[in-house]
Amino acid sequence: MVKGTIKLADVAKAAGVSQGTASNVFSRPDVVREEVREHVLETARQLGYPGPSLTGRLLRAGKVNAIGVAAVEPLAYFFDDPWARALLAAVAQVCDASGTGLALVSAKDRQKLDWNIKSALVDGFILLCVEAGEKLVQLTRERQLPFIALALNDDDPSIPSIGVNNVGGAAAAATHLAELGHRRLAVLATKFVNDHVGLVGTGEIERAIYSTSRHRAIGYWQALEEFGIQRHDVPIYETNNDKTSVETCLEHLFSAPKPPTAILAMSDNIAILAMSWLATRGLAVPEDVSIVGFDGVPEGSMVEPGLTTVAQPFAEIAQRAVQAVLEDAMPTKREMIDVTLVVRGSTAVPKT
């Protein structure tokens, strides 16, 4: 008999006991007489039987007391991206407090992601839907486990999700700059569509497949229109939320005869990358250019000057998400959480 094919039934047969008795030897040894228990264990050792599958036992019990956090990204994303890192830290704190395990489920490759979600030993999932959220939702629904989507780039009301007020937060950021007196503004955006970097038109933004970016653009527009600044007067450059694309867009913006005096960045990561690029060009923040980010990641308070940003309440989002999954209490409609404008040193009155 091949070692890898040994089952509990084989052990029971070889030891001359019932399968129920053999099962009790491993799961309830106190109810089996010592001589019988030792005989069954010795038989198992001789056959090479390692014991019942822990995975199978947990799945039969119905609960494993663990949550999966899933994204369509390599595992490094959870540690490299400031927003994902801040959110994961908040989720981990909630899990620590309740003694709940945490599993990271991630892969850019569709087949690997499919397998990772199907094989994850968890009670449910928190989905980071920044990119390819529809794929995550589809695969998770197939598992028929509780799930909650965060940063969902989809307006489908049937998907249980927790989101932040992107329109209101963006409006607060734009209002802050306009009240300081800025009239030449530009936006460094997260994705509207796939595979594009650079200037985008208002029509393309209104048709964007990524609703988070679209809603933030709408928030900027609505607020600036109150100050007589029309949307076509505010150039919006789409980035991949990374150094290369942000710097490419900044090169275009600051080669113009009248560059912006203020930048609205759709993520803190973009804002921090922009601050670094401006410093290398001898442009001071906020004396030459004011910048407002979006997210409220810890790194924003560590840069010099501190980043003015629209802060998401990570602790509240994590608490609601973990509770929804563990208690199988998915919201019946998309939950919306307010954000807060945090003013630091990266914004000031324009020089001209």
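Throughout what follows, the structure given in this document is the object of discussion. What you see is a predicted model; the values in this text were computed from it and never measured. (Residues numbered from 1 in each chain as written. Predicted model: local features only at pLDDT ≥ 70, side-chain atom pairs only at ≥ 80, totals over all residues. Heavy atoms only, no water.)

1. Some thoughts on the overall build of the protein
The condition is simple: The helix and strand labels rest on DSSP assignments: H or I over at least four residues marks a helix, E over at least two residues marks a strand, and numbering proceeds from the N terminus. Atoms counted for the radius of gyration: C-alpha only. Globule rule: 2.2 Å times residue count to the power 0.38. Any residue under 20% of the maximum accessible area for its type is buried, any over 50% is exposed, and the rest in between are partly exposed; the area is computed with a 1.4 Å probe on protein chains only. We call two residues in contact when some of their heavy atoms are within 4.5 Å. A 1.4 Å probe and the Shrake-Rupley method give the accessible areas. Residues count as covered only by the protein chains that appear here. Charged residues are defined narrowly, with Lys and Arg counted positive, Asp and Glu counted negative, and His plus the chain ends left uncounted. Charge positions are represented by NZ for Lys, CZ for Arg, CG for Asp and CD for Glu.
Check the secondary structure of the protein and you find 14 helices and 13 strands. For 352 residues, the compact-globule estimate of 2.2 N^0.38 gives 20 Å, and the C-alpha radius of gyration of the protein, at 27 Å, exceeds that figure by more than 25%. By principal-axis analysis of the C-alpha atoms, the protein measures approximately 90 × 40 × 35 Å. When the 352 residues of the protein are sorted by exposure, 48% land in the buried category. Within the protein, contacts between residues at least 6 apart in sequence are counted, and of these 70% link residues at least 24 apart. Of the roughly 16700 Å² of accessible surface on the protein, a fraction of 52% belongs to carbon and sulfur atoms. Side-chain charges of the protein comprise 33 positive and 41 negative groups, with the mean position of each set lying 6 Å from the other.

2. Structural notes on the packing of helix α1 (residues 8–15) against helix α2 (residues 19–27)
Our working rule: Note on definitions: angles span 0 to 180 degrees between N-to-C directions of axes, and those axes are lines fitted to C-alpha atoms, for helices only across the stretch in contact. The labels follow the angle: roughly parallel below 35 degrees, roughly antiparallel above 145, roughly perpendicular from 65 to 115, and oblique for the rest. For a crossing to be left-handed, the near helix must be turned anticlockwise from the far one by less than a right angle; the clockwise case is right-handed. Residue classes follow a fixed rule: Ala, Val, Leu, Ile, Met, Phe, Trp, Tyr, Cys and Pro count as nonpolar, while Asp, Glu, Lys and Arg count as charged, and any other residue, Gly among them, counts as polar.
For the pair α1 and α2, the least separation of the axes is 8 Å and the interaxial angle reads 110°. Judged on the interaxial angle alone, α2 and α1 are roughly perpendicular. The chirality of how α1 crosses α2 is right-handed. Residues L8, A9 and A12 of α1 form the contact with α2, whose own contacting residues are Q19, A22, S23 and F26. The residue inventory of the contact of α1 with α2, partitioned by class, reads five nonpolar, two polar and no charged.

3. Quick notes on the sheet that holds strand β5 (residues 161–164)
To be explicit about the condition: Whether two strands pair comes down to DSSP finding at least two bridges between them.
What the six strands build is an open sheet, ordered β2-β1-β3-β4-β5-β12; its pairing is parallel. Each end of this open sheet is capped by a strand with a single partner; those strands are β2 (101–106) and β12 (335–337). Neighbour to neighbour, the strand axes of the sheet diverge by 20° on average, direction disregarded. Across the sheet, helix α6 (residues 82–98) touches β1 (66–71), β2, β3 (125–128) and β4 (147–150), and the angle it forms with β2 is around 150°.

4. Describing the pattern of salt bridges
Short version of the rule: We define a salt bridge as a contact between a side-chain nitrogen of Lys or Arg and a carboxyl oxygen of Asp or Glu at a distance within 4 Å.
Applying the stated rule across the entire model yields 12 salt bridges. Between E42 and R45 there is a salt bridge, with the nearest N and O atoms lying 2.9 Å from each other. With E42 and R45 both in helix α3 (residues 34–47) and three residues apart, this pair spans about one turn of that helix. On the basis of relative accessible area, E42 is assigned to the partly exposed category, the value being 34%. Residue class for R45 comes out exposed when judged on its relative accessible area of 55%. Salt-bridge contacts for E316 lead to R320; the nearest nitrogen and oxygen are separated by 2.7 Å. Linking E316 with R320, this pair stays in helix α14 (residues 314–326), spanning four residues, or about one helical turn. Note on E316: relative accessible area 34%, which makes it partly exposed. Several salt bridges share partner residues, and in doing so they unite E206, E225 and R231 into one network.

5. Describing the sheet that holds strand β6 (residues 185–189)
On the basis of which strands lie adjacent, the open sheet formed by seven strands has the order β7-β8-β6-β9-β10-β11-β13 and mixed pairing. With partners counted over all chains shown, the strands left at the sheet margins are β7 (198–200) and β13 (340–342), one partner each. Each adjacent strand pair in this sheet contributes to an overall mean axis angle of 25°, direction not counted. As paired strands, strand β11 (residues 308–311) and β13 are joined by three bridges and run antiparallel to one another. Directly across from T309, in β13, lies its bridge partner V342. Relative to the sheet, helix α13 (residues 268–280) contacts β6, β9 (262–265), β10 (290–295) and β11, its axis offset from that of β10 by approximately 155°.

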